[in-house]
Amino acid sequence: MQSKLSDIALIVKTLAGDQSAYADLVKRHQRFVFTLAMRFTKNREDAEEVAQDCFIKAYRSLASFKQESKFSTWLYSIVYTTAMTSLRKKRVDTTSIDDEDTYIQIANTSSGYDVNNAENRSRSFYLNQAIAQLTPDDAIIITLFYKGEQSLEEIAQTLGIEANSVKVKLFRARQRLKEKLERNLKHEVNELI
Amino acid sequence: MSIEEKLWDYIDGACSVEEHEAIDLLLVQDEAFRQKYLELLALNREIAAMEIEEPSMAFTYKVMENIRADYAKKPLKVAIDSRIIKVIGGFFVLTIAALLLFILVNINWSASTTVALPAFKMPEMKSLLSGEVLKGFLFFDVVLVLFLFDAFLRKKGIAKHA
């Protein structure tokens, strides 16, 4: 019945030397950690590498986890810093990581293969496509807020900024997402006509 | 604050009671405002219903394998708790200090400079170096050397096969 244990109970067992408890912790959080990594890397191979790296780093530093916040918040802050470092390492040009055009270009190259099946695309496909076109910061805030069960304060802790800044960034990210979604849908309609 | 900002606060449940009531009223009275609200609400629902990504099937296994490999690579120096080393070191330092203090306390400083050594008779070694005891000792040594040599060859063989 180990799957029903809380994160803290699994951490205690891991620190006592039970590695299978950590495997349970990994299983519990891997989907979301992988999704966050995908928001940065935009491809599965790199995202998996980053996500693995995060869990290894978390294991090494588990004893330093003070339990003042949720384990997920602590883990996501590791994901954020690891993914940012990985992204900086991989960048060969000098454009800012907040440069939206860079991400539009990356997202478009990966999504161009199924133009012929446009009529089969669901609304969720367009949403994922629009998220992929956002900057990592925008995509991360939206993902943490909607799928990570994180409050504005917890997101602020993960990103190392003020909660008010998170609120403003979330508003802007949602606005940009809406614009991109509308633009993509308009483009598809034009293509069909 | 823009209309959109107010509406997002309303959707997130982050506005005050007064703001909430004001928006409720606007939603009833202003059709354009209501349309905007419905548009944002639909987007909000869509994002909330978005599926998250799934890593490969072997993800957990790979993480745990990396952790095991990482742990195995750790040198013995890191694995040993430094507190144990300090306790052992402290024990020896204290023992030596106590012994030194005991000797210093027991020295008769007023005694004459000539040291009278106690009468000591060297043990008879000839009887030990000959006979059954020596043969037994040598036999044990030979067996021990053969045993260690065998262990060394086995280890070498395993390393070669690996």
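Owing to the predicted nature of the structure, the values given are computational and were not obtained by experimental measurement.

A. Region of interest: the overall build of chain B. When its secondary structure is counted, chain B shows 8 helices and 0 strands. Written out in order from the N terminus, the α and β elements of chain B read α-α-α-α-α-α-α-α. Expressed as a percentage of its 162 residues, the buried residues of chain B come to 6%.

B. Structural view of the packing of helix 2 (residues 19-41) of chain A against helix 7 (residues 136-147) of chain A. Residues and elements named next belong to chain A. The N-to-C vectors of helix 2 and helix 7 enclose an angle of 160°; their axes lie 8 Å apart at closest approach. Considered as vectors, helix 2 and helix 7 are oriented roughly antiparallel to each other. Helix-helix and strand crossings are classified by hand; for helix 2 and helix 7 the assignment is right-handed. Between helix 2 and helix 7, the contacting residues are F32, T35, L36, R39 and F40 on the first element and P136, A139, I140, T143 and K147 on the second. Residue classes in the contact of helix 2 with helix 7 are distributed as 6 nonpolar, 2 polar and 2 charged.

C. Layout of the confidence of the model for chain A. Residues and elements named next belong to chain A. Chain-level pLDDT for chain A is 82 on average; 81% of the residues reach the 70-or-more range. Ranking the helices and strands of chain A by mean pLDDT puts helix 3 (residues 44-60) first, with 93, and helix 5 (residues 100-111) last, with 47. Low pLDDT (under 50) marks residues 104-120, which in the prediction has 11 contacts with non-local residues, meaning those over four places away or in another chain.

D. Inspection of the interface of chain A and chain B at higher detail. The interface of chain A with chain B comprises 26 residues on the first partner and 22 residues on the second. Every element with two or more residues in the side of chain A that touches chain B is listed here: helix 2, helix 3, helix 6 (123-132), helix 7 and helix 9 (163-192) of chain A. Looking at the side of chain A that touches chain B, the element that brings in the most residues is helix 2 of chain A, giving 10 residues. For the side of chain A that touches chain B, a count of residues per class yields 13 nonpolar, 6 polar and 7 charged.

E. Examining the nonpolar core more closely. All names here are of chain A. Counting residues in each nonpolar core, the largest one holds 46 residues, and the members touching the most others are V33, L36, A37, A51, V79, I141 and I142. A per-element tally of this core places helix 2 first, with 10 residues. Each of domain 1 (1-90) and domain 2 (96-193) gives at least three residues to this core.

F. Helix 2 (residues 17-29) of chain B, seen in detail. Taking 1.5 Å per residue as the helical rise, helix 2 of chain B with its 13 residues ought to reach 18 Å, and the 19 Å between its terminal C-alpha atoms agrees with that figure. When you tally the buried positions in helix 2 of chain B, you get 0 out of 13 residues, a small fraction of the element.

G. Spatial organisation of unusual backbone geometry. All names here are of chain A. The phi torsion at K42 lies on the positive side, around 65°, for a residue other than glycine. Along the chain, K42 falls in the loop between helix 2 and helix 3. For K42, a count of 19 C-beta atoms within 10 Å puts it in the partly exposed group. Of note, the phi angle at E149 is positive, near 50°, even though the residue is not glycine. With 11 C-beta atoms counted inside 10 Å, the residue E149 sits in the exposed group.

H. Fine view of the confidence of the model for chain B. The predicted model of chain B averages 84 in pLDDT, with 84% of residues at 70 or higher. By mean pLDDT, helix 5 (residues 76-79) of chain B is the weakest element of chain B at 62, and helix 3 (residues 31-48) of chain B is the strongest at 92.

I. Highlighting the packing of helix 4 (residues 71-90) of chain A against helix 8 (residues 152-159) of chain A. Residue and element names in this part refer to chain A. Taken N-terminus to C-terminus, the directions of helix 4 and helix 8 make an angle of 40°; their axes are 8 Å apart at the nearest point. When the axis of helix 4 is compared with that of helix 8, the two are oblique. For the pair helix 4 and helix 8, the sense of crossing is right-handed. Contact residues: T73, Y76, S77 and Y80 in helix 4; E154, Q157, T158 and L159 in helix 8. For the contact of helix 4 with helix 8, the class distribution of residues is 3 nonpolar, 4 polar and 1 charged.

So, how was this worked out
Residues numbered from 1 in each chain as written. Chains lettered and ligands numbered in written order. Predicted model: local features only at pLDDT ≥ 70, side-chain atom pairs only at ≥ 80, totals over all residues. Helix = DSSP H or I, 4+ residues; strand = E, 2+ residues; numbered from the N terminus. Buried ≥ 20, exposed ≤ 12 C-beta atoms within 10 Å, placed from the backbone. Axes fitted to C-alpha atoms, helices over the stretch in contact; angles between N-to-C directions. Parallel < 35°, antiparallel > 145°, perpendicular 65-115°, else oblique. Left-handed = near helix turned anticlockwise from the far one by under 90°. Contact = placed C-beta atoms within 7 Å. Nonpolar A, V, L, I, M, F, W, Y, C, P; charged D, E, K, R; others polar. pLDDT = per-residue confidence, 0-100. Core = buried A, V, L, I, M, F, W, Y, C linked by C-beta atoms within 7 Å. Domains from an automatic or database assignment. Expected span 1.5 Å × (residues − 1).

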